[in-house]
Each structure stands twice: as C-alpha cells, then as structure tokens.
Amino acid sequence: MKQDSFSKKYIKSHLGTVYSVARSIRNAVKDEKDKKASAKKDCATHSSSADEGDSLKMIFVTPSKNRLNLILTSLDEDALKRNRDILLIATEKANLNSYELRIITRNNLANPKLYRDLLNAYNVNSPKKVSFYTDWHERVSAPIYALEVTDGDVFFTAKDLNRLKEWGK
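Notes on the structure in this doc start here.

What counts, and where the lines are drawn
- Throughout, a residue's number is its position along its own chain's written sequence, starting from 1.
- Restriction of local features to residues with pLDDT of at least 70 applies here, the model being predicted, together with a cutoff of 80 or more for giving and counting side-chain atom pairs; totals for whole chains, interfaces and linings are based on all residues.
- Water and hydrogen atoms play no part in the side-chain values, which are based on all heavy atoms of the structure.
- Any two strands with at least two DSSP bridges between them are considered paired.
- Helix numbering and strand numbering both begin at the N terminus, where a helix is a DSSP run of H or I of at least 4 residues and a strand a DSSP run of E of at least 2.
- Looking down the strands as they point away from the viewer, one classifies a crossover as right-handed if the path from the first strand across the helix to the second runs clockwise.
- A pairing counts as a salt bridge when a side-chain nitrogen of Lys or Arg comes within 4 Å of a carboxyl oxygen of Asp or Glu.
- Burial classification: accessible surface area is computed with a 1.4 Å probe over protein chains only, and a residue below 20% of its type maximum counts as buried, one above 50% as exposed, and the rest as partly exposed.
- Contacts are assigned to residue pairs that have any heavy atoms within 4.5 Å of one another.
- Each Phe, Tyr or Trp ring (for Trp, its six-membered ring) is paired with any other whose centre lies within 6.5 Å, and the angle between the two planes then decides the class: stacked below 30 degrees, edge-to-face above 60, tilted in between.

## Some thoughts on the pairing of strand 4 (residues 130–134)
Part 1: The pairing of strand 3 (residues 100–105) with strand 4 spans five bridges and is classified as parallel. When the sheet's bridge partners are listed, Ile103 is paired in strand 4 with Phe132.
Part 2: In this fold, strand 3 hands off to helix 4 (residues 112–121), which returns the chain to strand 4; that crossover is right-handed.

## A few points about the pattern of salt bridges
A side chain of one charge can pair with a side chain of the opposite charge if their charged atoms are brought near each other.
Part 1: Within this structure, the stated rule accounts for six salt bridges.
Part 2: Among the charged side chains, a salt-bridge network with shared partners connects Arg67, Arg102 and Asp153.

## Remarks on the environment of Arg163
Part 1: Counting through the fold element by element, Arg163 comes out in helix 5 (residues 161–166).
Part 2: Judged by its relative accessible area of 47%, Arg163 falls in the partly exposed class.
Part 3: Apart from residues no more than four positions distant in its own chain, Arg163 is found in contact with Phe155 and Phe156.

## Considerations on the packing of aromatic side chains
Part 1: Scanning the model with the defined rule gives three aromatic pairs in all.
Part 2: Residues Tyr99 and Trp167 carry aromatic rings whose centres are separated by 5.0 Å and whose planes lie at 85° to one another, so their mutual orientation is edge-to-face. Of this pair, Tyr99 sits in the loop between helix 3 (77–96) and strand 3 while Trp167 sits in the segment after helix 5; the two residues are 68 residues apart in sequence, bridging distant segments of the chain.
Part 3: With relative accessibility at 18%, the residue Trp167 sits in the buried group.
Part 4: Here the aromatic rings of Phe156 and Trp167 are separated by 5.9 Å at their centres, their planes lie at 70°, and the arrangement is edge-to-face. With Phe156 in strand 6 (residues 153–157) and Trp167 in the segment after helix 5, this residue pair connects regions lying eleven residues apart in the sequence.
Part 5: Site record: aromatic cluster; members linked through ring pairs are Tyr99, Phe156 and Trp167.

Structure representation (structure tokens):
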C-alpha cells in the first residue's frame with residue numbers, strides 16, 4: 001500500500017502533466033459510458049429512421065410555457081425546401097400568438113443557420129425564443145433527455161400545414 005502511495009506521489013510531482021492528461025482521458029471515457037447508459041435506460045433516443053408522427057419520449061414539467069412545437073423528420077437543405085411553408089407559417093403563428101417556437105427533428109441535428117437564413121430571405125421576424133431538439137441517437141451534443149412539455153405546448157407536424165393555418169389568431 002505504501003508503495004502505491006509513493007508511486008502516485010512521485011508521478012504527480014514529476015510527471016504532473018502526464019498524470020493530468022491520463023486522468024482527463026479516464027474521466028472522459030467514464031462520462032461517455034454514463035451518457036450512453038443513461039440514454040439507453042431512458043430510451044430518449046432512437047437509432048432507426050423515425051417519422052415525424054412517431055412517438056417522442058416526453059416528460060411533463062411545470063411551470064407552463066406557451067410553445068409551438070413543429071416536428072420534422074429532418075432540417076437540412078433538402079428538408080428546408082420541402083418544409084419552407086410550414087416553417088414560415090409556424091414562425092408567423094408563434095409571433096402572432098406570443099409563443100416560443102421549438103423545432104423538433106427526428107433524423108438529424110437541425111441546422112439553425114438554415115432556419116435563420118430562411119427567415120431573412122422572406123423578411124420574417126424570429127420569435128422571441130426559438131429552440132431546437134432532436135432525439136436522433138447520432139447527434140453531437142450532450143446527453144438527450146426526454147422532451148420537456150407543459151400544458152401550454154401545442155404540436156404540429158409537416159403534414160399539419162392546414163391545421164396550423166387555422167390555429168391561433
């Protein structure tokens with residue numbers, strides 16, 4: 001036991017940088033394992049292609065937020081062309097009703113710049129708060145948790161264009 005303690009002290013004092021790097025790597029590996037175990041346990045992600053109408057893992061929270069949720073299969077350049085109208089209408093409806101806008105993508109990590117460029121191209125103001133969420137398992141970000149929803153959330157998919165047009169004011 002004394003030998004181990006001496007070795008650790010010796011390494012820390014003479015090879016501090018190497019010790020710190022090794023400890024950082026060990027901690028990163030442990031964090032990654034914990035993240036994967038948590039996501040697997042909570043089943044908040046999916047690995048196969050998901051349709052916008054497929055169920056999402058949700059958790060009800062308080063206090064309430066007035067938020068318009070737009071669920072898309074993806075938000076990349078191709079999807080932007082297909083979903084241009086519903087994105088613009090959802091943005092206008094969120095503004096008109098003083099709602100936050102959350103864009104939920106099922107099969108990729110959304111590109112917020114594409115959304116912002118779309119608004120600029122059509123001279124549409126962004127809602128006061130816009131957020132993005134994905135439950136796609138290959139995203140590059142922190143662990144994915146269940147989608148937080150409140151009693152003030154409303155949901156639309158790309159297929160709900162006509163229903164969205166009728167919603168709100």
